[in-house]
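Architecture at a glance
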Amino acid sequence: SKSDDGFCSAPSITESDEEKPKPIYWKVTNPTLSPSHLQDLPGYTRSVYKRDHALITPESHVYSPLPDWTNTLGAYLITPAMGSHFVMYFAKMKEMSSSGLPPKDMERLVFVVEGAVTLTNTSSSSTKLTVDTYAYLPPNFYHSLDCAESATLIVFERRYERLGSHTTELIVGSTDKQPLLETPGEVFELRKLLPVSLAYDFNIHIMDFQPGEFLNVKEVHYNQHGLLLLEGQGIYRLGDNWYPVQAGDVIWMAPFVPQWYAALGKTRSRYLLYKDVNRNPL
Ligand SMILES: NC(=O)N[C@H](N)C(=O)O
Ligand SMILES: [Mn+2]
């Protein structure tokens, strides 16, 4: 209900804001603490960079034209300079934009956070990728992502690590069509975007927590992570640091960094998580 005293009341959300449901993942590109909300605070950022983890928050995302792409700005979030064996970046595609190919022997996964792109490759006809849809492109696999209006993608690329004669193939899917997997001892809901077969040297987990739910295991493992918080808010523990996080935040987790999450607020938390798998760490 509208506050009728008109003064001393916190700025309430107007009826129209409440009526119009926002598209899924809307907060990633419209975070509560967006750059515009922080610009009056000189020198302040929520971002942190340490040896075994980093919190990269929206006011720190620095965009520049992506080499080899057309009409696309990229913000590299995680790169081998941090210690990762992968790159994670936002690709902001504008009208009449198109992707460039990754370097030789590099595999790529793109996930649509906003807008739509069309994926074409040599063989199959073109496929439209909308929000919550993704594509895995094997190494040295010709393809083009074309955008007529605008789109925001989160992109992972890394050198494909061969294992015997296994090969990977083009995969196109959407989160809501992936089955929920068993999570013994944990309460979060888990989907994986790639097959778990040995050919694939990483996976992308989509993890959902209801408010108040948290990771049971305070994990420490050899795998590394690149995380994008798609929805919600909570507290991320990384090593001995506890960070309030919200949709739009990105986290780098080096191997063995103690990690833990608790979801807070009124809406579910959903995060997208890169995790290397199926390969000997030696
Ligand atoms: N920090 C995480 O959410 N880690 C995942 N549960 C994982 O490593 O599978
Ligand atoms: Mn983990």
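Below is a summary of the structure that appears in this document. These numbers come from a predicted model, not from an experiment.

As a further point, take the coordination of the manganese ion (ligand 2). Here the manganese ion (ligand 2) is held by Glu 219 (OE), His 221 (NE2), His 225 (NE2) and Gln 259 (OE1), and the distances to it run 2.1 to 2.2 Å. Considering all 6 donor atoms around the manganese ion (ligand 2), angles at the metal cover 74 to 176° and the coordination shape is octahedral. Read in sequence order, the donor residues coordinating the manganese ion (ligand 2) give the pattern E-x1-H-x3-H-x33-Q. Exposure remark for His 221: the relative accessible area of 12% places this residue in the buried category. For His 225, a relative accessible area of 2% puts it in the buried group.

As a further point, take the site of ligand 1. Every residue near ligand 1 is listed here: His 205, Met 207, Leu 215, Glu 219, His 221, His 225, Tyr 236, Gln 259, Tyr 271, Leu 273 and Lys 275. One nitrogen or oxygen atom from the side chain of His 221 is found 3.1 Å from an oxygen atom belonging to ligand 1. Within the contact set of ligand 1, an oxygen atom lies 2.7 Å away from a side-chain nitrogen or oxygen of Tyr 271. Against a free-state accessible area of 270 Å², the protein chains account for coverage of 94% of ligand 1. Put simply, ligand 1 lies in the second largest pocket. Put simply, the parts of the chain that give the shell around ligand 1 at least two residues each are strand 14 (202-209) and strand 20 (269-276). Among the elements that line the shell around ligand 1, the one with the most residues is strand 20, at 3 residues. Looking at the shell around ligand 1 residue by residue, the classes come out as 5 nonpolar, 4 polar and 2 charged.

Turning our attention to the environment of Leu 215. Relative to the helices and strands, Leu 215 resides in the loop between strand 14 and strand 15 (225-231). Contacts of Leu 215, omitting those with residues within four sequence positions, involve Glu 186, Phe 188, Met 207, Phe 209, Tyr 236, Trp 260, Tyr 261 and Tyr 271.

Okay, unusual backbone geometry next. The backbone of Asp 68 shows a phi angle near 75°, a positive value even though the residue is not glycine. Along the chain, the position of Asp 68 falls in the loop between strand 3 (64-65) and strand 4 (70-78). In this model, Asn 278 sits at a positive phi of 65°, which is unusual for a non-glycine residue. Along the chain, the position of Asn 278 falls in the segment after strand 20.

With that out of the way, let us pick up the nonpolar core. Grouped together as the largest cluster of nonpolar side chains are 34 residues, with contacts concentrated most on Ile 78, Met 88, Phe 111, Ile 154, Phe 156 and Leu 228. Those residues within four positions of Leu 228 in sequence are excluded, and the remaining contacts are Val 28, Met 88, Phe 90, Val 113, Ile 154, Gly 248, Asp 249, Val 250, Arg 270, Tyr 271 and Leu 272. Core analysis: the next-biggest nonpolar cluster, separate from the first, contains 21 residues, Phe 188, Leu 238, Tyr 243 and Tyr 261 among them.

So, on to the sheet that holds strand 1 (residues 48-49). Here we have 7 strands laid out as an open sheet, ordered 1-2-18-15-20-14-13, and antiparallel in their pairing. Because the sheet does not close on itself, it has two edges, and the strands there are strand 1 and strand 13 (189-192). Taken together, the 4 bridges between strand 2 (residues 53-56) and strand 18 (residues 250-253) define a ladder with antiparallel strand orientation. Residue pairing across strands places His 53 opposite Met 253, the latter belonging to strand 18.

What counts and how
- Residues numbered from 1 in each chain as written.
- Chains lettered and ligands numbered in written order.
- Predicted model: local features only at pLDDT ≥ 70, side-chain atom pairs only at ≥ 80, totals over all residues.
- Heavy atoms only, no water.
- Donors = N, O, S within 2.8 Å, 3.2 Å for Na, K, Ca; no water.
- Tetrahedral: all angles 85-135°; square planar, octahedral: opposite > 155°, others 65-115°.
- Buried < 20%, exposed > 50% of the residue type's maximum accessible area, 1.4 Å probe, protein only.
- Near = heavy atom within 4 Å.
- Polar contact = N/O pair within 3.5 Å; in protein donor to acceptor, adjacent residues only side chain to side chain.
- Areas by Shrake-Rupley, 256 points an atom, 1.4 Å probe, with all protein chains shown as cover.
- 1 Å grid on protein atoms, 1.4 Å probe; cavity = no way out; pocket = protein on both sides within 12 Å on 5 of 7 lines; lining within 4 Å.
- Sits in = over half its atoms within 2 Å of the grid points.
- Helix = DSSP H or I, 4+ residues; strand = E, 2+ residues; numbered from the N terminus.
- Nonpolar A, V, L, I, M, F, W, Y, C, P; charged D, E, K, R; others polar.
- Contact = heavy atoms within 4.5 Å.
- Core = buried A, V, L, I, M, F, W, Y, C linked by side-chain atoms within 4.5 Å.
- Pairing = 2+ DSSP bridges.

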